[in-house]
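Here is how the chains run, residue by residue.
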Amino acid sequence: MKLFRSQRNLYISGFSLFFWLVLRRLVTLITQLAKELSNKGVLKSQAENTNEAARKFMQENEKLKRVLKRYGKEEEHILEAENKKLLEDQEKLKTELKKTSDALSKAQNDVMTLKMQSERLSKEYDRLLKEHSKLQDRSGKDKKGL
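The chain carries the name B-cell receptor-associated protein in an unreviewed UniProt entry, which gives Equus asinus as its organism. As stated in UniProt under Function (unreviewed entry), the record for the chain gives "Plays a role in the export of secreted proteins in the ER."

Spelled out as structure tokens, the structure:
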């Protein structure tokens, strides 16, 4: 009788330890997923803001081109300098937009990876739980046979 109780307690404590480890990993993955989702939102808004700024600069550049056509050659040099500056700003914004777009796609890939890991972990947990219950059933049958 003592042997049965001690084996039962051993199975229970082993399963409790295993269950605790699985839950701890699951909580860690869920936390990482939440962080990645928040980062995704921040990066998306940053990319939208960069797009809007680039559009504004392009519109301003177009206005300056129209103004340049109206004015004579005297002011052309000043406007060319401003136009060059705006073109440089536009290039900087384009590179920044590319960087943020890359970061956004990376964050989306990370989120997808974490989701897949979480699903795999759930499947593995279900498989181990079934295996554990089978072992419990076998050990119960073995004890009844003794």
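When helices and strands are counted, the chain shows 2 helices and 0 strands. For a compact globule of 146 residues, the expected C-alpha radius of gyration is about 15 Å, and the chain comes in at 32 Å, more than 25% above that figure. Seen through its C-alpha atoms, the chain measures out along the principal axes to roughly 110 × 20 × 15 Å. When contacts within the chain are restricted to residue pairs at least 6 apart in sequence, those whose partners lie at least 24 apart make up 87%. As displayed, the chain has an accessible area near 11800 Å², and 57% of this comes from carbon and sulfur atoms. Of the charged side chains in the chain, 33 are positive and 22 negative, and the gap between their average positions amounts to 14 Å.

What follows deals with a nonpolar patch on the surface. On the surface, Leu17, Trp20 and Leu21 cluster together to form a nonpolar patch covering roughly 320 Å² of accessible area. With respect to the element layout, Trp20 can be found in helix 1 (residues 2-70). For Trp20, a relative accessible area of 47% gives the class partly exposed.

The positions that UniProt labels "domain: BAP29/BAP31 transmembrane" (unreviewed entry) are, in the present scheme, residues 1-37. Secondary structure over residues 1-37 splits into 97% helix and 0% strand, and the C-alpha atoms at its two ends are 53 Å apart.

This part takes up the packing of aromatic side chains. On inspection of all chains with the given rule, the structure shows 3 aromatic pairs. On the basis of an interplanar angle of 15° and a centroid distance of 6.0 Å, the ring pair of Phe15 and Phe19 is categorised as stacked. Taken as a pair, Phe15 and Phe19 lie in helix 1 at a separation of 4 residues, close to a single helical turn. The partly exposed category is assigned to Phe15, whose relative accessible area is 24%. With a centroid separation of 5.8 Å and an interplanar angle of 40°, the aromatic rings of Phe19 and Tyr125 are classed as tilted. Of this pair, Phe19 sits in helix 1 while Tyr125 sits in helix 2 (residues 76-145), and the two are 106 residues apart along the sequence. We classify Tyr125 as buried; its relative accessible area is 17%. Three or more aromatic residues joined by ring pairs form one cluster here, namely Phe15, Phe18, Phe19 and Tyr125.

Each value, and the rule that gives it
Residues numbered from 1 in each chain as written. Predicted model: local features only at pLDDT ≥ 70, side-chain atom pairs only at ≥ 80, totals over all residues. Heavy atoms only, no water. UniProt positions renumbered as here; feature names shortened; annotations may be inferred. Helix = DSSP H or I, 4+ residues; strand = E, 2+ residues; numbered from the N terminus. Rg over C-alpha atoms; globule rule 2.2 N^0.38 Å. Contact = heavy atoms within 4.5 Å. Areas by Shrake-Rupley, 256 points an atom, 1.4 Å probe, with all protein chains shown as cover. Lys, Arg positive; Asp, Glu negative; His and termini not counted. Charge placed at Lys NZ, Arg CZ, Asp CG, Glu CD. Patch = residues over 30% accessible without salt bridge, like charges linked within 9 Å, V, L, I, M, F, W, Y side chains within 5 Å. Salt bridge = Lys/Arg side-chain N within 4 Å of Asp/Glu carboxyl O. Buried < 20%, exposed > 50% of the residue type's maximum accessible area, 1.4 Å probe, protein only. Phe/Tyr/Trp six-rings, centres within 6.5 Å; stacked < 30°, edge-to-face > 60°.

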